[in-house]
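Descriptive structure summary
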Amino acid sequence: GSVDTSDPLASCPELPSPTYSHTYGAVAGWYMVSVPTVGDTAGIFGVDLYWWNGTSYDVLSGGAAVEPGKGYWAELPANASVTATGTIPDADVTVSVGTAGWWMISAPWPYNKNDIVVSNGTETKSWAEAVMAGWVRDVLYTYDPGAGAYVTAGTLDPWVGYWVRTYEDNLTFKFEVARKLSSSCAICGLGLAAMDEELPPAPPVAVPLAELLEVVNEPNPITDVHTTAFKVVGPLASRVELLRVRVYDLAGRLVWEGEAEGPELLWHTENLLGEYLANGIYLYQVQVKVGDTWITTSLKKLAIYR
């Protein structure tokens, strides 16, 4: 691919950056995102984030930490606004990546690609020297959700994530605070990615929330006690706001229902009148509220053998 040697900031408005708030584009879809701050979590985006671990995407939800220096995917609504509350770094920031391949990085401040310093653990090189040595490809990619395509970037915006292609294992990228730019323009210095070169991995395929919902009730069967706990387990547990349980007999009649905040609900095997249920097999269904969405499980069985 060709290298854009024009000044990427020549046509930029003077925007003080990084700021603690950012509004993404007018198109709903996948965005490569980042944060300029230390101390924030995935929850500030209001959606799950996805980070490439070298072979596949890891999902970051809720309270999972996000870091300046790393890039993430987020499937955002149009004009999504995100506000950070952490601390913007005032010292050099380094980000280390693993085996040679594609990695998602970002800069904590507006930054020129050519000012990134690269180290392999024993040697330190300027970006141009690292390209010459065959450590990295001389291009960073970000994603244009409107076009549904990758574009190349000459400068890094602290709210945007970028792909870098490494050809050496375990490189470290350093962003020097002394070289940060005074203004930022996310759309400046962008060019179309060459069609004849290897492009980064595609955006993740979001797993529907219903597929992430995993519910157990323990103990089951209920034998020497009168209590069982319905619990949401797995990645969705930390995001459950309300949990509802309905218990039915095998004829489909509702015998008990209850609701609790959070991912767990205790049931003392009583019916709607407060009497202990007879021994036997029962069916139960769980509903959980995550954000503005209610998700319902299929019917499951539980047994009472006291």
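Structure first, text after, so check above.
In this text, all values refer to a predicted model and were calculated from it rather than measured experimentally. (Residues numbered from 1 in each chain as written. Predicted model: local features only at pLDDT ≥ 70, side-chain atom pairs only at ≥ 80, totals over all residues. Heavy atoms only, no water.)

Notes on the pairing of strand 23 (residues 280–290)
Most of strand 23 sits out of view: 8 of its 11 residues are buried. As paired strands, strand 20 (residues 242–248) and strand 23 are joined by 7 bridges and run antiparallel to one another. Across the sheet, the residue bridging to L243 is V288, located in strand 23. Pairing of strand 23 with strand 25 (residues 300–304) involves 5 bridges; the strand directions are antiparallel. Paired with Y282 across the bridge in strand 25 is L302. Note that strand 23 and strand 24 (residues 293–296) share 4 bridges and pair antiparallel. (Buried < 20%, exposed > 50% of the residue type's maximum accessible area, 1.4 Å probe, protein only. Helix = DSSP H or I, 4+ residues; strand = E, 2+ residues; numbered from the N terminus. Pairing = 2+ DSSP bridges.)

Some words on unusual backbone geometry
A cis amide bond, omega -5°, links E218 with the succeeding residue P219. As for its position among the elements, P219 is in the loop between strand 18 (214–218) and strand 19 (228–233). The omega angle of the peptide bond from N220 to P221 is 10°, so this bond is cis rather than trans. In the Ramachandran plot, N79 falls in the positive-phi region, its phi being about 55° despite a non-glycine side chain. Tracing the backbone shows N79 in the loop between strand 5 (72–76) and strand 6 (81–83).

Digging into the nonpolar core
For soluble globular proteins, the rule of thumb is that nonpolar side chains tend to be buried together. Grouped together as the largest cluster of nonpolar side chains are 40 residues, with contacts concentrated most on V33, L49, I116, F173 and F175. When contributions to this core are tallied by element, the ones reaching two or more residues are strand 2 (29–33), strand 3 (49–52), strand 5, strand 7 (93–96), strand 8 (102–105), helix 1 (127–132), strand 15 (162–165) and strand 16 (172–175). Grouped together as the second largest cluster of nonpolar side chains are 25 residues, V247, A260, W267 and I304 included. (Core = buried A, V, L, I, M, F, W, Y, C linked by side-chain atoms within 4.5 Å.)

Some thoughts on the side chain of R165
Here R165 is to be found in strand 15. The exposure class of R165 is buried, given its relative accessible area of 15%. Among the polar contacts made by the side chain of R165, one reaches the side chain of E198 at a distance of 3.1 Å. R165 has contacts with A100, G101, W102, W135, V136, R137 and E198, leaving out every residue within four places of it along the chain. (Polar contact = N/O pair within 3.5 Å; in protein donor to acceptor, adjacent residues only side chain to side chain. Contact = heavy atoms within 4.5 Å.)

Things to note about the environment of S106
For S106, the location among the structural elements is in the loop between strand 8 and strand 9 (111–112). S106 gets classed as buried once you look at its relative accessible area, which sits at 0%. Apart from the residues lying within four places of it in its own chain, the contact partners of S106 are S34, P68, G69, K70, G71, L156, V160, G161, Y162 and F175.

Side note on the packing of aromatic side chains
Going through the model one piece at a time under the given rule, you end up with 18 aromatic pairs. Relative to W163, the ring of W52 has its centre 6.0 Å away and its plane inclined at 75°; by these criteria the two rings are edge-to-face. One end of the pair, W52, is in strand 3; the other, W163, is in strand 15, and 111 residues separate them in sequence. The rings of W30, Y50, W52, Y57, W73, W102, Y141, Y143, Y150 and W163 are connected pair by pair, giving a single aromatic cluster. The ring of W102 is capped by R165, whose NZ or CZ atom sits 5.9 Å from the centre of that ring. (Phe/Tyr/Trp six-rings, centres within 6.5 Å; stacked < 30°, edge-to-face > 60°. Lys NZ or Arg CZ within 6 Å of the ring centre and 35° of its normal.)

Focus on the pattern of salt bridges
Two side chains with opposite charge may pair up if their charged atoms get near one another. Applying the stated criterion across every chain, the model contains 12 salt bridges. One salt bridge connects D138 with K113, and the closest N-O pair in it is separated by 3.0 Å. Placement of the pair is D138 in the loop between helix 1 and strand 12 (140–144) and K113 in the loop between strand 9 and strand 10 (117–119), with a sequence separation of 25 residues. Put simply, E123 and K125 hold a salt bridge, and the shortest N to O gap is 3.4 Å. Judged by its relative accessible area of 40%, E123 is partly exposed. Overall, K125 belongs to the buried group, its relative accessible area being 17%. Among the charged side chains, a network of salt bridges with common partners joins D115, E176 and R179. (Salt bridge = Lys/Arg side-chain N within 4 Å of Asp/Glu carboxyl O.)

Observations regarding the sheet that holds strand 10
A sheet is described by the order of its strands in space; here 4 strands give the open sequence 7-16-10-11, paired in antiparallel fashion. Looking at which strands have only one partner, the edges of the open sheet turn out to be strand 7 and strand 11 (124–126). Taking the axes of each pair of neighbouring strands and ignoring which way they run, one obtains an average angle of 25° across the sheet. Pairing between strand 10 and strand 16: 3 bridges, direction antiparallel. Paired with V118 across the bridge in strand 16 is F173. (Axes fitted to C-alpha atoms, helices over the stretch in contact; angles between N-to-C directions.)

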